[in-house]
Amino acid sequence: MSAREQKIAVVTGAGSGIGRSVALTLAAAGWAVAATGRRAAPLEETARAAALAADASGDTADVLCVRADVSDPDDVAALFGTVQRHYGRLDLLFNNAGTFGPAGVALEDISYEAWRSVVDVNLTGAFLCAQAAFRMMKSQDPRGGRIINNGSLSAHVPRPNSIAYTATKHAMTGLTKSLSLDGRPYGIACGQIDIGNAATEMTERMQSGIMQANGQLAVEPVMDAADVARTVLHMAQLPLGANVQFATVMATAMPYIGRG
């Protein structure tokens, strides 16, 4: 594949969970991936996994590890500067980095610091990365690109004791809509994937029992994160004249539809 044909992606939160799965799936499909996160070691594990998978199939994987905290404007500027210098363009941002915050803490007991930590990563971090990607995509030749935001089912309905996470994920929907509208003149498409119960470190507690709206604990089914990654790949591979604006991918039997 020539450098002109190869597509370039930035995946945030790529050191684990959904981010790692998406990074591996994109790399296996021939994308060059700038994998970013706050810790270098997990990113390097993602790159090794991509290389091993490529070796097994007789291909090569192009994964660039860039340590960055998406809530830090200087880190975000450095990240996209590195992508610009290394690849010269950007075709996809998967805005995935996120944190749930302290689990099981009642609304009245959440500290200001805990609230800010969730908002800074989930919302401000997503904005900073989208802004930097937008600038690159608007100015490059050929112009345009795609941004996919990880919204979560919490962009629709809350879980008990999840006010910070839920507020940021509702805000992510507004971010997606604004990016989609403002990107139209420049060939920049933006969509959102709302994910329910993918099997990751964040959802391990689902399988031991998690608080429901009626106050009871219940074990919830999960799905393979690879199922999410295949959906992101489908969204990413569409021509820029087509866009999946919102997609919901969830464990089929999880208590979401019919919850009241």
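Structure: see above.
Fair warning: this is a prediction, and the values are worked out from it, not measured in the lab. (Residues numbered from 1 in each chain as written. Predicted model: local features only at pLDDT ≥ 70, side-chain atom pairs only at ≥ 80, totals over all residues. Heavy atoms only, no water.)

J.: How should the overall build of the chain be read in this particular structure?
T.: Along its length, the chain carries 6 helices and 9 strands. Taken along its principal axes, the extent of the C-alpha atoms in the chain is 55 × 40 × 35 Å. For the chain, the proportion of its 260 residues judged to be buried stands at 47%. Of the contacts formed within the chain by residues at least 6 apart in sequence, a portion of 73% connects residues at least 24 apart. A total accessible area of about 12,200 Å² is found for the chain, and carbon and sulfur atoms account for 53% of it. If you average the places of the 21 positive and of the 23 negative side-chain charges in the chain, the two averages end up 6 Å apart. (Helix = DSSP H or I, 4+ residues; strand = E, 2+ residues; numbered from the N terminus. Buried < 20%, exposed > 50% of the residue type's maximum accessible area, 1.4 Å probe, protein only. Contact = heavy atoms within 4.5 Å. Areas by Shrake-Rupley, 256 points an atom, 1.4 Å probe, with all protein chains shown as cover. Lys, Arg positive; Asp, Glu negative; His and termini not counted. Charge placed at Lys NZ, Arg CZ, Asp CG, Glu CD.)

J.: Is there a simple way to explain the nonpolar core in this structure?
T.: Generally speaking, a soluble globular protein has its nonpolar side chains buried in company with each other. Core analysis: the largest hydrophobic core is formed by 34 residues, its most contacted members being Val22, Leu26, Trp31, Phe94, Ile148, Ile193 and Val228. Tallying contributions element by element places helix α6 (residues 225-237) first for this core, with 6 residues. With near-sequence residues (within four places) excluded, Trp31 lies in contact with Gln6, Lys7, Ile8, Ala9, Leu26, Asp62, Asp91, Leu92, Leu233, Ala236 and Gln237. Val66, Val76, Val83 and Leu128 belong to the second largest nonpolar core, which has 32 residues in total. (Core = buried A, V, L, I, M, F, W, Y, C linked by side-chain atoms within 4.5 Å.)

J.: Honestly, the pairing of strand β5 (residues 145-150) in this entry has me stumped. Any pointers?
T.: Along a regular strand, successive side chains alternate from one face of the sheet to the other. Of all 6 residues making up β5, 6 are buried, and the element is well covered by its neighbours. Because side chains alternate across β5, one face comprises the buried residues Gly145, Ile147 and Asn149, and the other comprises Arg146, Ile148 and Asn150, equally buried. In this sheet, β5 lies alongside strand β4 (residues 92-95) in parallel orientation, the contact comprising 4 bridges. Along β5, the bridge assignment pairs Asn95 with Asn149. Since β4 and β5 lie parallel, the crossover through helix α4 (residues 112-139) that links them has a hand, and here it is right-handed. Sheet analysis places β5 next to strand β6 (residues 188-196), joined by 6 bridges and oriented parallel. Bridging across to β6, Ile148 finds its partner in Gly191. The handedness of the β5 to β6 crossover, carried by helix α5 (residues 163-183), is right-handed. (Pairing = 2+ DSSP bridges. Right-handed = clockwise from strand over helix to strand, strands pointing away.)

J.: Sorry if this is basic, but what is going on with helix α1 (residues 17-28) here?
T.: One turn of an α-helix holds 3.6 residues; hence residues three or four places apart share an orientation. Taking 1.5 Å of rise per residue, 12 residues should cover 16 Å, and α1 covers 17 Å from first to last C-alpha, within 8% of that figure. One or two positions beyond α1, positive phi appears at Gly30, with a value near 100°. (Expected span 1.5 Å × (residues − 1).)

J.: Looking at this structure, how should I read the pattern of salt bridges?
T.: The final tally for this structure, using the stated rule, is 5 salt bridges. For Asp75, the salt bridge identified is with Arg67, shortest N-O distance 2.8 Å. A relative accessible area of 42% places Arg67 in the partly exposed class. Among the ionic pairs, Asp227 bridges to Arg230, the shortest N-O distance being 2.2 Å. Highlighted residues: Asp227 and Arg230, both in helix α6, separated by 3 residues, approximately one helical turn. (Salt bridge = Lys/Arg side-chain N within 4 Å of Asp/Glu carboxyl O.)

J.: In this structure, what is going on with the packing of α4 against α5? I would like to understand it.
T.: Helix-helix packing is described using two parameters, namely the angle between the two axes and the distance between the axes. At a minimum axis separation of 9 Å, α4 and α5 run at an interaxial angle of 15°. Comparing their axes, α5 and α4 come out roughly parallel. Viewed along their axes, α4 and α5 form a crossing whose handedness is right-handed. Of α5, the residues touching α4 (which contributes Trp115, Val118, Val119, Asn122, Leu123, Ala126, Phe127, Ala130 and Phe134) are Ile163, Ala164, Tyr165, Ala167, Thr168, Lys169, Ala171, Met172, Leu175, Leu179, Asp182 and Gly183. Partitioning the contact of α4 with α5 into residue classes produces 16 nonpolar, 3 polar and 2 charged. (Axes fitted to C-alpha atoms, helices over the stretch in contact; angles between N-to-C directions. Parallel < 35°, antiparallel > 145°, perpendicular 65-115°, else oblique. Left-handed = near helix turned anticlockwise from the far one by under 90°. Nonpolar A, V, L, I, M, F, W, Y, C, P; charged D, E, K, R; others polar.)

J.: Please clarify how the packing of aromatic side chains should be interpreted in this entry.
T.: A ring pair, where both rings are aromatic, is described by two values, the distance of the centres and the angle of the planes. Within the structure shown, the criterion is met by 2 aromatic pairs. Ring plane angle 40° and centroid distance 4.9 Å describe the contact between Phe100 and Tyr165, whose orientation is recorded as tilted. Residue Phe100 is located in the loop between β4 and α4, and its partner Tyr165 is located in helix α5; the two are separated by 65 residues in the primary sequence. Across this residue pair, the class does not change: Phe100 and Tyr165 are buried. Taking 6.0 Å as the distance between ring centres and 80° as the angle between the ring planes, the aromatic pair formed by Phe134 and Tyr186 counts as edge-to-face. Highlighted residues: Phe134 in helix α4 and Tyr186 in the loop between α5 and β6, separated in sequence by 52 residues. (Phe/Tyr/Trp six-rings, centres within 6.5 Å; stacked < 30°, edge-to-face > 60°.)

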